[in-house]
Amino acid sequence: MNTQQHCFLIGFGRAWVIRSCPCKMSQFSQKRSMEPPLSECMNSRVDSLDSLSMDNFWLEVENIKQSTETEQEECNLADVKTPEEGEAEAEWLQDAGLSDLIGEDTSDNGNIVLLSTLTKTQAAAVQRRLDTYSRSRRKKNKPPVRDVRDIFGVVNSEEMVVGMEESDKDRSQHSVETSDYTQKPDSRGLQDFSCMLRSPGKEEIFCTDIAYSEQAAILLKGSFLRESRRIKDESALTQFKIPKGRLGVTRIGDLSPQDMKKIPTLALIELTALCDILGLELKRNKASKQKTKENRLFGVPLSTLLENDQKLIPNTKVPLILQALLSCLEKKGLDTEGILRVSGSQTRIKSLEEKLESDFYTGLFRWDEVRQNDVSGLLKRFIRELPTPLLTAEYLPAFAAVQNIPDLKQRLQALNLLILILPEPNRNTLKALLEFLSKVVAREKKNKMNLWNVSTVIAPNLFMHKGLANKIPEGKEKQLAEGAADVVRMMIHYQDLLWTISSFLVAQVRKLNESSSRRYQFYDRRIKNLLRKIHADKDKVEKNQAEPSKTVKVQTSLLLKDSLEVHLNNGTKAADVLRQFQKHLSQNGWSIVNKVSLIKRNGAVESLNLLLYEVGGNISEHCLDPDTYLLDLYHINPHAEWIIRQNPSFPRML
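In this report, we go over the structure that sits alongside the text. (Residues numbered from 1 in each chain as written. Predicted model: local features only at pLDDT ≥ 70, side-chain atom pairs only at ≥ 80, totals over all residues. Heavy atoms only, no water.)

## Things to note about the pairing of strand β14 (residues 619-623)
Relative to β14, strand β13 (residues 610-616) is paired through four bridges, and the arrangement is antiparallel. When the sheet's bridge partners are listed, Gly-616 is paired in β14 with Ile-619. Taking the residues between adjacent antiparallel strands as the criterion, β13 and β14 are bridged by two residues, where Gly-617 takes a positive phi near 75°. (Pairing = 2+ DSSP bridges. Helix = DSSP H or I, 4+ residues; strand = E, 2+ residues; numbered from the N terminus.)

## Section: the sheet that holds strand β10 (residues 564-569)
Reading across from one edge, β10-β9-β15-β13-β14 is the order of the five strands in this open sheet, with mixed pairing throughout. Pairing within the sheet leaves two strands with one partner each, and these edge strands are β10 and β14. Strand-to-strand twist of the sheet, defined as the mean angle between neighbouring strand axes without regard to direction, takes the value 30°. Along the sheet, helix α27 (residues 574-587) makes contact with β9 (549-555), β10, β13 and β15 (641-646), crossing β10 at roughly 145°. (Axes fitted to C-alpha atoms, helices over the stretch in contact; angles between N-to-C directions. Contact = heavy atoms within 4.5 Å.)

## Overview of the pairing of β10
Judged by which residues are buried, β10 turns out to be one-sided: Leu-564, Val-566 and Leu-568 face inward and are buried, whereas Glu-565, His-567 and Asn-569, on the alternate face, are not. Relative to β10, β9 runs antiparallel, the two being bridged by six bridges. Each bridged residue has a counterpart across the sheet, and for Thr-551 the counterpart in β10 is His-567. (Buried < 20%, exposed > 50% of the residue type's maximum accessible area, 1.4 Å probe, protein only.)

## Things to note about the nonpolar core
Most often, soluble globular proteins keep nonpolar side chains buried together rather than apart. Counting residues in hydrophobic clusters, the biggest one holds 127 residues, and the most contacted among them are Leu-340, Phe-382, Phe-463 and Met-491. One finds Leu-247, Val-577, Leu-578 and Ala-640 within the second-largest nonpolar core, a separate group that totals 22 residues. (Core = buried A, V, L, I, M, F, W, Y, C linked by side-chain atoms within 4.5 Å.)

## Quick word on the side chain of Ser-455
Among the secondary structure elements, Ser-455 is positioned in helix α22 (residues 451-463). Reaching out from Ser-455, the side chain makes a polar contact with the backbone oxygen of Leu-451 at a distance of 2.7 Å. (Polar contact = N/O pair within 3.5 Å; in protein donor to acceptor, adjacent residues only side chain to side chain.)

## Focus on the packing of aromatic side chains
Overall, the coordinates contain eight aromatic pairs when judged by the stated rule. Both rings, one in Phe-57 and one in Trp-58, keep their centres 5.0 Å apart while their planes meet at 80°; by these two values the pair is edge-to-face. Take Phe-57: its relative accessible area is 0%, and that puts it in the buried class. Relative to Tyr-361, the ring of Phe-360 lies with its centre 5.1 Å away and its plane at 70°, an arrangement referred to as edge-to-face. Tyr-361 sits in the partly exposed class, given a relative accessible area of 24%. Positioned over the ring face of Trp-92 is Arg-129, at 5.4 Å from the centre of the ring. The ring of Trp-499 has Lys-431 sitting right over it, with the charged end atom 5.6 Å from the ring centre. (Phe/Tyr/Trp six-rings, centres within 6.5 Å; stacked < 30°, edge-to-face > 60°. Lys NZ or Arg CZ within 6 Å of the ring centre and 35° of its normal.)

## Some thoughts on the environment of Lys-350
With respect to the helices and strands, Lys-350 occurs in helix α16 (residues 346-359). Between the alpha carbons of Lys-350 and Arg-381 there is a distance of 9.5 Å; along the sequence they are 31 residues apart.

## Points about the pattern of salt bridges
Summed over the entire model, instances satisfying the criterion amount to 19 salt bridges. Note that Asp-632 and Arg-246 form a salt bridge whose closest N and O atoms lie 2.9 Å from each other. Taken together, the positions of Asp-632 in helix α29 (residues 630-636) and Arg-246 in the loop between β6 (239-241) and β7 (250-251) put the pair 386 residues apart, joining distant regions of the chain. On the basis of relative accessible area, Asp-632 is assigned to the partly exposed category, the value being 23%. The exposure class assigned to Arg-246 is partly exposed, which follows from its relative accessible area of 30%. With its nearest N and O atoms 2.8 Å apart, the salt bridge here joins Glu-614 to Arg-510. In this pair, Glu-614 sits in strand β13 while Arg-510 sits in helix α25 (residues 503-518), placing the two residues 104 residues apart along the sequence. A relative accessible area of 0% means that Glu-614 is categorised as buried. (Salt bridge = Lys/Arg side-chain N within 4 Å of Asp/Glu carboxyl O.)

Spelled out as structure tokens, the structure:
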């Protein structure tokens, strides 16, 4: 096919491409009416999206095509090569922080520490990839490097599989007791996540205490029926609630950068284990170097934008240009009918881009003179022009693959893990975009843009990228387009849930930190049955008898000279300590209250700008949920300090 322009839709396990040119777009539009019903393409899915209009999606595809045609630029395509056997596994092990397992250097204990935190299903996922890598080495007649069985102490892969076929009770207990740091799930535990026959629109429990892959394995063993559906009635979308255990809920941003660095590795291993249980092949694109434009804003990597912006405003987490675009739209565009859907003038948008490149950082750009539809065009253009996709080239296929998971809750579990895997700049930028899109949906009565309308318009901008190319299977256009839009819809609607860090991952971080301090001794090939020993340890751990009460000191050095003495019992929460501190401040007079910038409303002092942090021990730093039961936390991490600090999101007035 001889064509100058390319639009790309990423599919599961590979990059799907919609090739378009002036002579082909009309054919592409005509093909829509000829496509078979989605139910014929997805026999296992009870689908109700057929009545939902995809016109916005295809219109956006045409708008993207027209905007690229005006530039008269050649697409710089990255060659997506099929990896050789063992190559993908080697890359996966590297991403999972286990590359030393296939190297010749056996001096690093870090792999043993990481392996010690894994659940059964996670360990099995690692085992499979090491087995595949070892087979590829033997086929190439290369000397084996660190035989798999020397690492795991397992006779063969079948033994690992047999070990996985334990009772439902043992499997759930394993996930909870692998570490002493995992909070016990609600008494409704297994019933909550095994009940897959749902009533749309009703609230359901989203369990985070037990690893998602372990939950899936329980469901698989019990042969629970999975409900496959997409709901056309947005008011009937299932609502999920994360039950607050004794240790509260941890959200992205609550952990320190040191601990957050460990999360993507653990999330990747868990995502792979989940896909293994579900029978889905998790593939990733190979990252490739893309030519970046010599611009300051558009077509510039997120990391470069943030590096430049942080020189102007320290600790900037979202590019200033994106903040400006979103701010402009929030002030004037939320009530504009058809915002995001109605395209602005491509000529004006290109001219505005050039003006922004020259005037944005000087402050001379006049936002009040710009039409809102042109600003929305600039926003979508900014996303598309990133040198690599916002969802990353490596994991864009995995994001699109979420549509292939039959069950809604498991789709959300996979999305949650994928978001944790994203680099921090991408994750923060995506969150800013999704928060704005939620505001657009909230003004649906005025702007006529409901959740599905917004999703179909944004999906092409997130899932189409000129740096990736492959042919889309004939007849699959509608299926993949609807799937991409549905993934965007889930990210918008469930973003609060997706931006949490599951309790089982936090527990693994705690054990990882503690195990790192112990530094397991590596005795070459003398480690026997390591994984089985790790998972048998739970039976040997004696549960500490919970103390009925405890008196601790909470550090308040930034606010008071002396620490605050707090008496803990089984009902003491973090919020109670903040209220006690607030009362203590009030008793010491307004001079202190004013000094710490507390807020006075209706004659009362509120501690809304104060937070309680857990620092040290088996965690670097952790901002506590106000509903955290502190005596339970003390038993989990007795060597930590507790510190009251001002909320960084509140302006300081010291």
